[in-house]
Amino acid sequence: MSQQSVIDELQRLGMSGYEAKAYVALVAAGTPLNGYEVAKRSGVPRSTVYETLGKLVGRGAAYEVRAGEASVGYLSLPPTALLDRMRREFDRSIDALRSALPEVASPPQVRLVHSLSDRQSLLARSEDVIAAAHTDLFVSGWPQEIAPLKPLVRRASDEGVDVSVVSFGADPEPVGNTIAHTFSQPEVVLENLGCRLLVVSADREQAVIGGVVNGDAWGVFTDDPAVVLVAVEYVRHDIAMHLIAQKFDIADFEQFWTSDPAIRRLRSDHGAPAAVLRRGSGSAGAPRRPKRRPSGPS
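Summary of the structure given here. Fair warning: this is a prediction, and the values are worked out from it, not measured in the lab. (Residues numbered from 1 in each chain as written. Predicted model: local features only at pLDDT ≥ 70, side-chain atom pairs only at ≥ 80, totals over all residues. Heavy atoms only, no water.)

Attention now moves to the pattern of salt bridges. Taken as a whole and judged by the stated rule, the model has ten salt bridges. Of the charged contacts, one joins R59 and E19 as a salt bridge, the two residues approaching to 3.5 Å between their closest N and O atoms. Highlighted residues: R59 in the loop between helix 4 (46-58) and strand 1 (62-66) and E19 in helix 2 (residues 17-29), separated in sequence by 40 residues. For R125, the salt bridge goes to D128, with nearest N and O atoms at 3.2 Å. Here R125 pairs with D128, and both are found in helix 6 (residues 119-131), just three residues apart, close to one helical turn. Given a relative accessible area of 41%, D128 falls into the partly exposed group. (Salt bridge = Lys/Arg side-chain N within 4 Å of Asp/Glu carboxyl O. Helix = DSSP H or I, 4+ residues; strand = E, 2+ residues; numbered from the N terminus. Buried < 20%, exposed > 50% of the residue type's maximum accessible area, 1.4 Å probe, protein only.)

Here's what the structure looks like:
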């Protein structure tokens, strides 16, 4: 990680740009520096460097060191000590807000539905949903999207949340009750859906539903009970189908799955989910819902 990246991260944790630059300069020096030296090494203007150093001393990130009656230097708090202190302060703030914020919050007047227009926001909102789970968690997706979510999913499982996962591809390190989608190959499902569909729902109270294809992603977050119910039942239905399929001979089930007219009809609407999701997110140039293709084996 570059020095600029370190400065950027320190700013995210509450330091000003000048404070972060001065602290990094002190850490890199490893020895006390006076204000002139800090300004020269950090790029902090000399006119504000002593004010900046005073703020670092005030937050305990640096200390004054007197080498003589008129000489004052500054020494950084060691990085590990600073990070531990920041973590403690952050945890205290979170604990305080966890009890205080609900007291000032008004009951929601409307149900939330908002669009997610890229993969980063789709995964970030999914992490929010996973982190909120207390009783049950349902996840359905491809390994590419499940992998970055897995640390939070595993933590939820370790904390006693009933976790159910459907993975459209092999998962060498499954979490909770994971079912690998087997009665259609992932590439066949991908063709049918038109995207890597991701569904995440926590406690049957909120859900993220989205799609990823190539470099594009789109979807929605909602706490609307009806939509959340459908999302949960989608995952539960997929799991139930697999449990049923496991009770039958593989060849017989494959014959049924590819040849039964009713099943072929349901699987003939190739690409519709991706088109609907993209249109719902308000994406420019969203494709229309594809016309049905003639029924036939996939």
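There's plenty left to go through after this.
Before going further, it helps to examine a nonpolar patch on the surface. A contiguous nonpolar surface patch, about 300 Å² in accessible area, is contributed by L97, L101 and V104. Relative to the elements of secondary structure, L101 occurs in helix 5 (residues 79-104). (Patch = residues over 30% accessible without salt bridge, like charges linked within 9 Å, V, L, I, M, F, W, Y side chains within 5 Å. Areas by Shrake-Rupley, 256 points an atom, 1.4 Å probe, with all protein chains shown as cover.)

Once that is clear, we can look at helix 3 (residues 35-42). Inspection of helix 3 places G35, V38, A39 and S42 among the buried residues, and these make up the whole buried set. The arc that holds every buried residue of helix 3, seen down its axis, measures 100 degrees, which confines them to one face. Looking at helix 3, the residues exposed on the side facing more than 90 degrees away from the buried face are K40 and R41. Along its buried surface, helix 3 packs onto helix 2 and helix 4. Put simply, N34 is the residue that caps the front of helix 3, since its side-chain oxygen is 3.1 Å from the backbone nitrogen of Y36. G43 sits one or two positions beyond helix 3 and adopts a positive phi of about 90 degrees. (Arc of directions from axis to C-beta. Contact = heavy atoms within 4.5 Å. Polar contact = N/O pair within 3.5 Å; in protein donor to acceptor, adjacent residues only side chain to side chain.)

Our next topic: unusual backbone geometry. For residues that are not glycine, phi is negative in most cases, and the peptide bond is trans in most cases. Phi is positive for D203, close to 55 degrees, though the residue is something other than glycine. Assignment of secondary structure puts D203 in the loop between strand 7 (196-202) and strand 8 (206-213). Of the residues examined, D203 reaches a relative accessible area of 13% and is grouped as buried. Here the phi dihedral of R204 falls at roughly 55 degrees; this positive angle occurs in a residue that is not glycine. Locating R204 in the fold gives a position in the loop between strand 7 and strand 8.

With that settled, the discussion passes to the pairing of strand 7. With seven of seven residues buried, strand 7 lies mostly within the body of the structure. Side chains R196, L198, V200 and A202 of strand 7 all project onto a buried face; the interleaved residues L197, V199 and S201 project onto the opposite face, where all are buried too. Across four bridges, the pairing between strand 4 (residues 136-141) and strand 7 is antiparallel. Each residue of the ladder has a partner; that of S140, found in strand 7, is V199. As judged from the seven bridges shared by strand 7 and strand 8, these two strands associate in the antiparallel manner. Bridged to S201 within strand 8 is A207. Hairpin geometry of strand 7 and strand 8 is characterised by an intervening segment of three residues between the two adjacent antiparallel strands and by a positive phi of about 55 degrees at D203. (Pairing = 2+ DSSP bridges.)

What follows is about the side chain of T52. Topologically, T52 is positioned in helix 4. With residues near it in sequence (within four places) discarded, T52 still touches Y18, E19, A22 and V44.

Contact pair helix 2 / helix 3: the axes reach a minimum separation of 9 Å and the direction vectors enclose 100 degrees. It follows from the interaxial angle that helix 2 and helix 3 lie roughly perpendicular. From helix 2, K21, A22, A25, L26 and A29 reach across to helix 3, where they touch V38, R41 and S42. Of the residues assigned to the contact of helix 2 with helix 3, the class counts are five nonpolar, one polar and two charged. (Axes fitted to C-alpha atoms, helices over the stretch in contact; angles between N-to-C directions. Parallel < 35°, antiparallel > 145°, perpendicular 65-115°, else oblique. Nonpolar A, V, L, I, M, F, W, Y, C, P; charged D, E, K, R; others polar.)

Per the stated rule, a full pass over the model turns up two aromatic pairs. Relative to F168, the ring of W142 has its centre 4.3 Å away and its plane inclined at 10 degrees; by these criteria the two rings are stacked. Linking W142 in the loop between strand 4 and helix 7 (143-158) with F168 in the loop between strand 5 (162-167) and strand 6 (177-180), this pair joins segments that are 26 residues apart in sequence. When the ring centre of F221 is taken as origin, the NZ or CZ atom of R125, which lies over that ring, is 3.8 Å away. (Phe/Tyr/Trp six-rings, centres within 6.5 Å; stacked < 30°, edge-to-face > 60°. Lys NZ or Arg CZ within 6 Å of the ring centre and 35° of its normal.)

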